[in-house]
Amino acid sequence: MNDVLVGRALAKRFGQTVALGGVDIAVRSGEAVAIMGPSGSGKSTLLHCLAGIMKPDGGEVHLLGQRIDTLGERKRSALRRSRFGFVFQFGQLLPELPAEENVALPLMLGGVPRAQAVRQAREWFAPLGLHSLEARRPGELSGGQAQRVAIARALVTRPAVVFADEPTGALDQQTGQETMRLLVEATKHNDASLIVVTHDPNVAAWCDRTVEVRDGRLLTREPGVYA
Amino acid sequence: MNLDLTWRLLKGGGRRGLLGTWLTLGAVAVATALLLFAVAANSAFQARAERGAWRNPVPAASGAVAVEASRYDFVRDRTITVVDLAALPGRTPEPPPGLPRFPAPGETWLSPALAELAEELPAGELAERYPGRKGVLGDEALVFPGELVAVVGHAPDSPAMTAQRTDDWVVAKPPVKVASLAGQPSEDAEAYQVLSLIASVLMVVPLLVFGGAAARLTVARRDQRLAALRLVGATPGQVVAMTVAEAVIVALAGALAGAVVFALAVPLLAGIEMQGGPWFAGDLFPSPLVLAAVLVAVPLLVGLSAVAGLRRVVVSPLGVAKRETPPGMRFVRVLALLAVLAAFPLLTRGTSVSIIAVALALAFLCINLAGPWVVGMIGRITAASARGPARLLAGRRLVDDPRAAWRTVSGVALTGFVAGFLGLLSPTGFGDEVTGPPQLRVTAPAGQVTEVAAQARERLRASGVQATVKPVKNVVVAALGSAADDATLDRARTALAELVPGRTPTTQRDDRRFGIQILADVRVGTIVVLSVSFLVAIASSGITATSSILDRRQTYGLLRLAGTPLEVLDRARRTETLVPLTVMGGGAILVGAFCAVPFMIGGMNVVGTVTLVACVVVGFAGVIGAGALSRPLLRSVTADPAPRPD
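Residues numbered from 1 in each chain as written. Chains lettered and ligands numbered in written order. Predicted model: local features only at pLDDT ≥ 70, side-chain atom pairs only at ≥ 80, totals over all residues. Heavy atoms only, no water.

### So, the interface of chain B and chain A
When the parts of a complex come together, some accessible area is lost, and that lost area is often taken as the interface size.
And then number 1: Contacts between the two partners involve 34 residues from chain B and, on the opposite side, 31 residues from chain A.
And then number 2: Summed over both sides, the interface of chain B with chain A buries roughly 2700 Å², with 58% coming from carbon and sulfur.
And then number 3: Taken together, the links from chain B to chain A amount to four salt bridges.
And then number 4: With its nearest N and O atoms 3.5 Å apart, the salt bridge here joins A:R74 to B:E567.
And then number 5: The interface formed by chain B and chain A holds nine residue pairs in polar contact (both at pLDDT 80 or more) in total.
And then number 6: Every element with two or more residues in the side of chain B that touches chain A is listed here: α12 (353-385), α13 (389-400), α18 (553-561) and α19 (566-596) of chain B. (Contact = heavy atoms within 4.5 Å. Buried area = accessible area lost by both parts, 1.4 Å probe. Salt bridge = Lys/Arg side-chain N within 4 Å of Asp/Glu carboxyl O. Polar contact = N/O pair within 3.5 Å; in protein donor to acceptor, adjacent residues only side chain to side chain. Helix = DSSP H or I, 4+ residues; strand = E, 2+ residues; numbered from the N terminus.)

See below:
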């Protein structure tokens, strides 16, 4: 399998605090990687640097062989919209849009006509167990249902990598497990890689492998980064 | 304990919490200052009416002590009010305001501005009209600073106090026996009070809407914090008490700041000329009672508005966490507006001013009631027809919270109503310039026109004024020739002073002066009302745009993080405002024009049209500008790479 996303010697400081102190990481095509670590260890900063949300102070990020950390904000924005998908703990759905339009929104932002975007969005509902919830608004969905809509929205553009930041943090154990199952299966089914930031070992257990971050460094050396 | 916790929450609200607090404070300050202005305008006109009351004699039923008459004179294109007074034999009347004693026959007292002018100009142009000057009138005698007033003492049997004046060209008060010089406000002064009352109604309603918007500015933020408090066991009563306390603390500070802003603005406002002059600053200050009422009412209204916004939290601790499909607005809101519009011509048929003011206020409130329904409808149409994400977001947001969207555009919509109303009301017909050389005319007593003409000829010749004098029916006309300038005209006026006792020789322009003055005052009033309305509208839309960003910062942040361009978010915000603004602004102008039809004098005029067009342009530009000002805030809240709920 080829590396889809590679981070090399990633460094980031916030004032005097070292958030990342030279992290190397590589994610292969279709692979699900969990990033674990205690609060303040730098796992969210690592995700933000890999996803082009934040520019690292040092090091490089490559997506499918192309360097992305040197791109301008506009290009990184476009990249996040088209090549990446995101699932957060809460709050990512627009409360005033029905579920299907929430899912269709990334397609519309990419220029797909509304009717076609909504049609494509609807195709995701049945496989994710959201049948007949298309017209519901986020406030009318349970926490688990809302997270599944968020998964559909992350995958609808057929991204190369899906980033999930504590995707089950706001859910109970059982719903969290079910959501992780759907997230991992749907991502693999779409040949996308998955990077999950979590501090819950039960969530990490769904992934192919786990890397641990402590004080801005990986505890396990990543194989193949310098290959 | 509640107050202590509230104060801690207020202080520890963080940078954005503080921004919201400051914005609320600023908005309340602006609203209070403008509200004080609207209230002060009424008390100022009332003060003016009372100041001028002594010149408007009330016939004595019994116990007359003096004879009083008044007329107008003119110098250098300015009006002089001349009050003729005579004590009845054996009586010692109280002096009028601003005079140390009642003037004896032959004595003249001039206002400071008139005395100064009499010193400046050659005696033959002004001073000789008022011989026997004894002193200067105090401010109490004047309607406005710089007013030209002369008080002339006569014997009760002198011709000036016995001649009739009712057929004069310029409206004058004939001699009247009075028991005191208290007088009563003139009809003109009362008409101005009525107009100022209508203007106040037009200004106060948008201000109330604005106040509501300001109160809700941070309510979403409080929503979340107070919902958390409910979750840890605070009772609904405690939550309400804390909300009221927080809103009232901020609103009271805002109201006090607004009162200071108003006080600082008084010298500027006093310069707005009405009825021919500026204002005494003291007249513009509302009474302490009114001031206290405003300072109590504003925080109270803001507190009530905040409580209304928090009903959901009080009902359920999870109230704000759940966002459900909002219930549709009831069509009855629109029916209310239609009913008032249908009844409007009937309501205004009566001449009672209070009924007209109530009808206007009703129409205003109904527009405010129907507004959110129409905005919701516009949202549905916008969302259904949207092809791109920006319009879809805008449309859905309008449907989701039509009241919030209405708050953004209501200011301009209500101003549109004012503009539509006043646009049709500007009277025409007084503005025509008088052309040709000046002619002074004075009505002669019956049967004496030839003698008076001969005297006029003689007096003018003696003062070196070239003029052709001839009688026309019972009027003596002195044509001054095309070379006559202002100085010549004033010399001729001075020469002809007291030619006919109690009567002033006037030009055609003098005769139209009062009509021109009313027109000018209506225009100034219109501009003032529209300026206030626009200030409110633009501040309103700025405030709501800002609060909308603060309320939705987490969603905006996550959308940006997922790659949504800032332009799309900004375009959605703009569409969210512009679409309802276009529909509601246009609709309100039409409703305003419809309401003005019963009062219309003549047809639509150029000034009205220009005012309307200017309103539309300034309103749109202002609202877009105010929205654009909040863009840096949008950029700042979406720049946070990891938005978290507060």
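Structure shown, so let's carry the discussion forward.
### Looking at the sheet that holds strand β5 (residues 66-67) of chain A
Residues and elements named next belong to chain A.
And then number 1: The strand order β2-β1-β4-β5 describes an open sheet built from four strands, whose pairing is antiparallel. Across the chains shown, the open sheet's two edge strands, defined by having one partner strand only, are β2 (17-28) and β5.
And then number 2: For strand β1 (residues 3-14) and β2, the ladder comprises nine bridges, and the chain directions are antiparallel. Each residue of the ladder has a partner; that of A11, found in β2, is G21.
And then number 3: In the packing of helix α1 (residues 43-50) onto the sheet, contacts are made with β1, β2 and β4 (58-63), and the angle to β2 comes to roughly 55°. (Pairing = 2+ DSSP bridges. Axes fitted to C-alpha atoms, helices over the stretch in contact; angles between N-to-C directions.)

### Remarks on the pattern of salt bridges
Residues and elements named next belong to chain A.
And then number 1: Evaluation of the coordinates by the stated rule reveals 34 salt bridges over all chains.
And then number 2: Taking the shortest distance from any N to any O, the salt bridge between R209 and E31 comes out at 2.3 Å. Taken together, the positions of R209 in strand β9 (residues 209-214) and E31 in the loop between β2 and β3 (32-36) put the pair 178 residues apart, joining distant regions of the chain.
And then number 3: The class of R209 is buried, set by a relative accessible area of 18%.
And then number 4: Taking the relative accessible area as the measure of exposure, E31 reaches 5% and is therefore buried. (Buried < 20%, exposed > 50% of the residue type's maximum accessible area, 1.4 Å probe, protein only.)

### Digging into the nonpolar core
And then number 1: The biggest cluster of nonpolar side chains holds 82 residues, and the ones touching the most others in it are B:L202, B:F262, B:L360, B:F417 and B:C595.
And then number 2: Among the elements that make up this core, the one with the highest residue count is helix α2 (residues 14-51) of chain B (twelve residues).
And then number 3: Residues in contact with B:F262, not counting those within four places in the same chain, are B:A33, B:L36, B:F37, B:A40, B:L269, B:L284, B:F285 and B:P286.
And then number 4: Counting residues in each nonpolar core, the second largest holds 59 residues, with A:A99, A:A154, A:L194 and B:L392 among its members. (Core = buried A, V, L, I, M, F, W, Y, C linked by side-chain atoms within 4.5 Å.)

### Some thoughts on the sheet that holds strand β9 (residues 475-479) of chain B
Residue and element names in this part refer to chain B.
And then number 1: Pairing in this open sheet of three strands is antiparallel, and the strands run β7-β9-β8 from one edge to the other. Of all the strands in the sheet, just β7 (439-443) and β8 (468-472) have a single pairing partner and so form its edges. Ignoring strand direction, the axes of neighbouring strands in this sheet form an average angle of 20°.
And then number 2: Sheet strands touched by helix α15 (residues 449-462): β8 and β9. Its angle to β8, the strand with the most contacts, is close to 165°.

### Some details on the environment of B:V178
Residues and elements named next belong to chain B.
And then number 1: Checked against the element boundaries, V178 lands in strand β6 (residues 173-178).
And then number 2: We classify V178 as buried; its relative accessible area is 1%.
And then number 3: Excluding anything up to four places from it in sequence, V178 contacts P57, V58, A60, A64, V65, A66 and E68.

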